[in-house]
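This is what each chain is made of:
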Amino acid sequence: MAENEPAAPDTDWETHWRHYARSTDLNPGQHYRRHLIGTLLSATGAGTDSRILDAGCGSGDLIRVMKARFPGAEFCGIEPSAEGAAASRVLCPGARIIQSGLSPMTEEVRELGNWATHAICSEVLEHVEDPVALLKDVARCLKPGGTLIVTVPAGPRTAFDLQIGHLRHYTRNLAKETVRAAGLSPVRTWTAGFPFFNIYRITVLLRGRRLANDVLGEPGMLARVVMAGFRLLMPLNLRATPFGWQIVVLARKP
């Protein structure tokens, strides 16, 4: 984070997942990330015998979609908040959900050492003080040669980003070097989402602090219509472009 950027406040994740789980599920950006991650899991061999870890699984929407796409895989999610973990268990029957901080690892998470064939860390690193330490702990859960998929935001931080605890947004080089510093080997790093993901983010930026009320609980009709429209546009984004505000890193554990 640049020295002149204001620090984001601590986030009450119990309240967050109680109030925003539904809007997160409907979020066009989240919809787009689920598409990117599913495509990468397919491209890296995820299938019947895979063991897939979602580090920071929130309310479980990503695991739910991936379970439908890879029905023979085994899934585990780690989520610090009790509200998020409880929602994940309801949304993702059959997945193991561990309520635990992500770094340092608890004893229950240490039991996952070398367990996962694939690990996902999506929209998590921007929230933590030491993203390298967190990724080192995630890497311990990966088997040697396992695949890690990281997504982080680029572009400006919105008022809502600050409210939910974004400490930083990333450049492509910063994301790659963060992964490398954790002892993982970046295979590819790219920016995605141009133009419609960017336009959606600009809409969020312009809405400012009012957005928090727009998407509180069950989003209102206007918010639902806007999100539905952007979800239809997301598949038209360019997959890799210097201008995208969604950063994706594909890496492997040596």
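Preceding this paragraph is the structure being described.
Residues numbered from 1 in each chain as written. Predicted model: local features only at pLDDT ≥ 70, side-chain atom pairs only at ≥ 80, totals over all residues. Heavy atoms only, no water.

(A) The arrangement of the packing of aromatic side chains in detail. Tallying each qualifying case throughout the model produces 4 aromatic pairs. Residues Trp13 and Trp17 carry aromatic rings whose centres are separated by 6.1 Å and whose planes lie at 25° to one another, so their mutual orientation is stacked. Note that Trp13 and Trp17 are positioned in helix 1 (residues 13-26) at a spacing of 4 residues, about one turn of the helix. Judged by its relative accessible area of 13%, Trp17 falls in the buried class. (Phe/Tyr/Trp six-rings, centres within 6.5 Å; stacked < 30°, edge-to-face > 60°. Helix = DSSP H or I, 4+ residues; strand = E, 2+ residues; numbered from the N terminus. Buried < 20%, exposed > 50% of the residue type's maximum accessible area, 1.4 Å probe, protein only.)

(B) Seen up close, the nonpolar core. Ranked by internal contacts, the top residues of the largest apolar core, which has 34 residues, are Ile37, Leu41, Ile52, Ile63, Met66, Phe70 and Phe75. Where this core is concerned, the elements lending two or more residues are helix 2 (28-43), helix 3 (61-69), strand 6 (185-192), helix 9 (196-207), helix 10 (211-214) and strand 7 (246-252). For this core, the leading source of residues is helix 2, giving 5 residues. Setting aside anything within four residues of it in sequence, one finds Ile63 in contact with Asp54, Cys57, Phe75, Cys76, Gly77, Cys92, Ala95 and Ile97. Counting 33 residues, the second-largest nonpolar core is a separate cluster that includes Leu53, Leu102, Val138 and Leu148. (Core = buried A, V, L, I, M, F, W, Y, C linked by side-chain atoms within 4.5 Å. Contact = heavy atoms within 4.5 Å.)

(C) Representation of a nonpolar patch on the surface within the structure. A contiguous nonpolar surface patch, about 290 Å² in accessible area, is contributed by Phe194, Leu238 and Phe243. Classification of Leu238 as partly exposed rests on a relative accessible area of 45%. (Patch = residues over 30% accessible without salt bridge, like charges linked within 9 Å, V, L, I, M, F, W, Y side chains within 5 Å. Areas by Shrake-Rupley, 256 points an atom, 1.4 Å probe, with all protein chains shown as cover. Salt bridge = Lys/Arg side-chain N within 4 Å of Asp/Glu carboxyl O.)

(D) Molecular detail of the sheet that holds strand 3 (residues 96-99). The strand order across the open sheet built from 7 strands is 3-2-1-4-5-7-6, with neighbouring strands paired in mixed fashion. Every interior strand has two partners, whereas the edge strands, strand 3 and strand 6, have only one. Strand-to-strand twist of the sheet, defined as the mean angle between neighbouring strand axes without regard to direction, takes the value 15°. Strand direction decides the pairing type here: strand 6 and strand 7, joined by 7 bridges, are antiparallel. From the neighbouring strand, Trp190 faces strand 7, where its bridge partner is Val248. (Pairing = 2+ DSSP bridges. Axes fitted to C-alpha atoms, helices over the stretch in contact; angles between N-to-C directions.)

(E) A look at helix 11 (residues 221-233). The end-to-end C-alpha separation of helix 11 is 19 Å, in line with the 18 Å expected for 13 residues at 1.5 Å each. Here helix 11 has its buried residues at Ala223, Met227 and Phe230. Looking straight down helix 11, one finds its buried side chains confined to an arc of 65°; they lie on one side. Away from its buried face, by an angle of more than 90 degrees, helix 11 presents the exposed residues Met221, Leu222 and Leu232. (Expected span 1.5 Å × (residues − 1). Arc of directions from axis to C-beta.)

(F) View of the environment of Ile120. Here Ile120 lies in strand 4 (residues 116-122). What makes Ile120 buried here is its relative accessible area of 1%. Taking C-alpha positions, Ile120 is 15 Å from Ala182, a pair spaced 62 residues apart along the chain. With residues near it in sequence (within four places) discarded, Ile120 still touches Ile37, Leu41, Ile52, Leu53, Asp54, Ala55, Leu62, Leu148 and Ile149.

(G) Quick look at helix 9. Its 12 residues give helix 9 an end-to-end C-alpha distance of 17 Å, which sits within 8% of 16 Å, the value for a rise of 1.5 Å per residue. Within helix 9 the residues assigned to the buried category are Phe197, Asn198, Tyr200, Arg201 and Val204. In an axial view of helix 9, the angular spread of the buried residues amounts to 160°, which keeps them on one side of the axis. Backbone geometry just downstream of helix 9 places Gly208 in the positive-phi region, at approximately 65°.

(H) Structural view of the environment of Leu232. Inspection of the secondary structure assignment puts Leu232 in helix 11. In sequence terms Leu232 and Ile52 are 180 residues apart; their C-alpha atoms lie 28 Å from each other.

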